[in-house]
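Spelled out, the chains give:
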Amino acid sequence: MTGQKISLEKALKEYRRRREEGEKKAERLKREYNRWLSRKKKELLKKISALEKKKPPKKVDERLLQRVEAERKAYVSALRRALESIEDIEDLGKRLSDLSKLHVSHGRHVMVLYEKEVYAVNALLKELSEGYSKYVEELSSLLLPEIELERVISELRDVSSRIGTLDSEINAIEEELEKKKKELDSRMGSPEIEEIKKTIESLRGEQRRIEIEVRSKVSKLGKPLRRMRLGGLADEVARDSGVALERPGEFLSLLRSVYPKLDGKAKKAADWLLKNLSTEVERLGEISGEIETLKKRRKKLLEELKPLEEEIRELKRILRERKALREKLERKRAHLEGEIREEKKRLEDVIGVEVEG
């Protein structure tokens, strides 16, 4: 390879010129070998006719004669059919294998009585085989290897263009997705939804305060109730102060029955519970109802956002698909770039000049 460098365009032009020149020479070579093949076919047909017309030797075992004659007829017929299917040198290459098999299947039997004639046929078949090998060798020296640099470059341009289009699509989808997310955040944080959230938190705070206060008062009755050994509800209350909230009527009835036996902190707690438990339980019920109403309202408001949430999910799905496709195309682009380097090196080897770029 000389120290000279030429542009890719010139290199490809030179390659195409040499390839076209090689193809023209190859066509001339093919015509030359087709003429040679035509002559050899005629010679071979003569040898086949000679084999066909040759009279068998005298004093031959009748069974052997019958077998050889059948094989001769099949051999001659098969050879003629094979030759009829060979129109040019390329056909010859396709049928050489079949021709060689004919000798194995029929010719070796025919040689028993017609050795000279079969050898004559085989000699010509060998010439055909050697001639075809020589043709292939000469042809390979004339034809330049196929270099697909232009195809690969075109494919690379197409892939790069598709990646560029995908980049635009991805950017547009990301912008739209960000816009939809902001809209969702804005609507999720609407004054009404925020007010509902704060109200629910406030009600739950009041709910926890009432429950803690009631349970605190009830827990002060635990020891006195255990000492009384009443069993049943009294033991349940002693174990779990929440029973008073779950079954307030039964608890107050129990409390009234044991009230005369209470004193100190337990009695003060009982006084508070007798006075306030019913009201507090009623308030807890009201709070639960209010929270449930607010949750239903919030749920309705959030359901109105479902179409927007579905749009966001769909945009995310499309974005994932586009990015996955882009990654796939990036891998293909890297592969094509590698192919271009290889094809460029092959081009340089063929024309013997370094290609710029």
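Everything quoted here is computed from the prediction, not taken from an experiment.

Engineer: So what's going on with unusual backbone geometry? Residues and values would help.
Structural biologist: For Lys59, which is not glycine, the phi torsion reads 55° and is therefore positive. Its location among the elements puts Lys59 in the loop between α1 (8-53) and α2 (62-84). Judged by relative accessible area, which is 89%, Lys59 ranks as exposed. In this structure, Arg229 is a non-glycine residue whose phi angle is positive, near 50°. Here Arg229 lies in the loop between α6 (222-228) and α7 (232-239).

Engineer: How would you summarise the nonpolar core if you had to cite specific residues and measurements?
Structural biologist: Membership of the largest hydrophobic core comes to 34 residues, with the highest contact counts inside it found for Leu44, Tyr75, Leu79, Leu92 and Leu99. When residues of this core are traced back to their parent elements, those giving at least two are α1, α2 and α3 (89-142). Here the element with the most residues in this core is α3; it accounts for 17 residues. Filtering out sequence-adjacent residues up to four positions away, Leu99 remains in contact with Leu79, Ala82, Ile86, Leu92 and Leu125. Ranked by size, the runner-up nonpolar core spans 32 residues in total, among them Ile200, Leu245, Ala270 and Leu284.

Engineer: For the environment of Arg313, give the residues involved together with the corresponding values.
Structural biologist: Topologically, Arg313 is positioned in helix α11 (residues 306-351). For the pair Arg313 and Leu177, spaced 136 residues apart in sequence, the C-alpha separation works out to 9.1 Å.

Engineer: Summarise the pattern of salt bridges; cite the residues concerned and give the values.
Structural biologist: In this structure the tally under the stated criterion is 39 salt bridges. Arg17 is the salt-bridge partner of Glu14, the closest N and O atoms lying 2.7 Å from each other. Taken together, the residues span about one helical turn, with Glu14 and Arg17 both in helix α1 at a distance of 3 residues. Since its relative accessible area comes to 22%, Glu14 is described here as partly exposed. Among the ionic pairs, Glu14 bridges to Arg18, the shortest N-O distance being 2.6 Å. Placement of the pair is Glu14 and Arg18 together in helix α1, with a separation of 4 residues, close to one helical turn. Owing to a relative accessible area of 29%, Arg18 belongs among the partly exposed residues under this scheme. Three or more residues are tied together by salt bridges with common partners; here these are Glu14, Arg17, Arg18, Glu21 and Lys25.

Engineer: Now, about a positive patch on the surface: what can you tell me, with residues and values included?
Structural biologist: A surface patch of like charges, here positive, comprises Arg28, Arg31, Arg35 and Arg39. Examined against the element boundaries, Arg31 turns out to sit in helix α1.

Engineer: Which residues make up helix α9 (residues 248-258), and what values go with them?
Structural biologist: Residues of α9 that are buried include every one of Phe251, Leu252, Leu254, Leu255 and Val258, and no others. Along α9, the residues classed as buried sweep out an arc of 160° about the axis, all on the same side. Across from the buried face of α9, at angles greater than 90 degrees, the exposed residues are Gly249 and Arg256. Tucked inside the fold, the buried residues of α9 contact α5 (191-219), α6, α7, α8 (243-246) and α10 (264-303).

Engineer: Before we move on, could you go through the packing of aromatic side chains and cite the residues and values that matter?
Structural biologist: Counted according to the given criterion, the structure contains 3 aromatic pairs. Look at Tyr132 and Tyr135: their rings are 6.0 Å apart centre to centre, the planes differ by 40°, and that puts the pair in the tilted class. Remark: Tyr135 and Tyr132 occur in helix α3; sequence separation between them is 3 residues, near one turn of the helix. A connected cluster of aromatic rings, assembled from ring pairs, spans Tyr33, Trp36, Tyr132 and Tyr135.

Engineer: Tell me about the packing of helix α4 (residues 149-188) against α11, and please be specific about residues and values.
Structural biologist: At a minimum axis distance of 8 Å, the contact between α4 and α11 shows a crossing angle of 160°. It follows from the interaxial angle that α4 and α11 lie roughly antiparallel. In this structure, α4 crosses over α11, and the sense of that crossing is left-handed. The class makeup of the residues in the contact of α4 with α11 is 21 nonpolar, 1 polar and 24 charged.

Engineer: I'd like a description of the packing of α1 against α4, backed by residues and values.
Structural biologist: Each pair of packed helices gets described by two things: the angle between the helix axes and the distance between those axes. Closest axis-to-axis distance for the α1/α4 pair is 11 Å, and the angle between their directions is 140°. Viewed along their axes, α1 and α4 adopt a mutual orientation that is oblique. Contacts between α1 and α4 involve Leu8, Leu12 and Arg16 on the former and, on the latter, Leu149, Glu150 and Ile153.

Engineer: Summarise the environment of Ser219; cite the residues concerned and give the values.
Structural biologist: Tracing the backbone through its elements, the reader meets Ser219 in helix α5. Given a relative accessible area of 45%, Ser219 falls into the partly exposed group. Linking Ser219 and Glu150, residues 69 residues apart in sequence, is a C-alpha distance of 90 Å. There is a polar contact of 2.6 Å between the side chain of Ser219 and the backbone oxygen of Ser216.

Criteria and thresholds
Residues numbered from 1 in each chain as written. Predicted model: local features only at pLDDT ≥ 70, side-chain atom pairs only at ≥ 80, totals over all residues. Heavy atoms only, no water. Helix = DSSP H or I, 4+ residues; strand = E, 2+ residues; numbered from the N terminus. Buried < 20%, exposed > 50% of the residue type's maximum accessible area, 1.4 Å probe, protein only. Core = buried A, V, L, I, M, F, W, Y, C linked by side-chain atoms within 4.5 Å. Contact = heavy atoms within 4.5 Å. Salt bridge = Lys/Arg side-chain N within 4 Å of Asp/Glu carboxyl O. Patch = residues over 30% accessible without salt bridge, like charges linked within 9 Å, V, L, I, M, F, W, Y side chains within 5 Å. Areas by Shrake-Rupley, 256 points an atom, 1.4 Å probe, with all protein chains shown as cover. Lys, Arg positive; Asp, Glu negative; His and termini not counted. Charge placed at Lys NZ, Arg CZ, Asp CG, Glu CD. Arc of directions from axis to C-beta. Phe/Tyr/Trp six-rings, centres within 6.5 Å; stacked < 30°, edge-to-face > 60°. Axes fitted to C-alpha atoms, helices over the stretch in contact; angles between N-to-C directions. Parallel < 35°, antiparallel > 145°, perpendicular 65-115°, else oblique. Left-handed = near helix turned anticlockwise from the far one by under 90°. Nonpolar A, V, L, I, M, F, W, Y, C, P; charged D, E, K, R; others polar. Polar contact = N/O pair within 3.5 Å; in protein donor to acceptor, adjacent residues only side chain to side chain.

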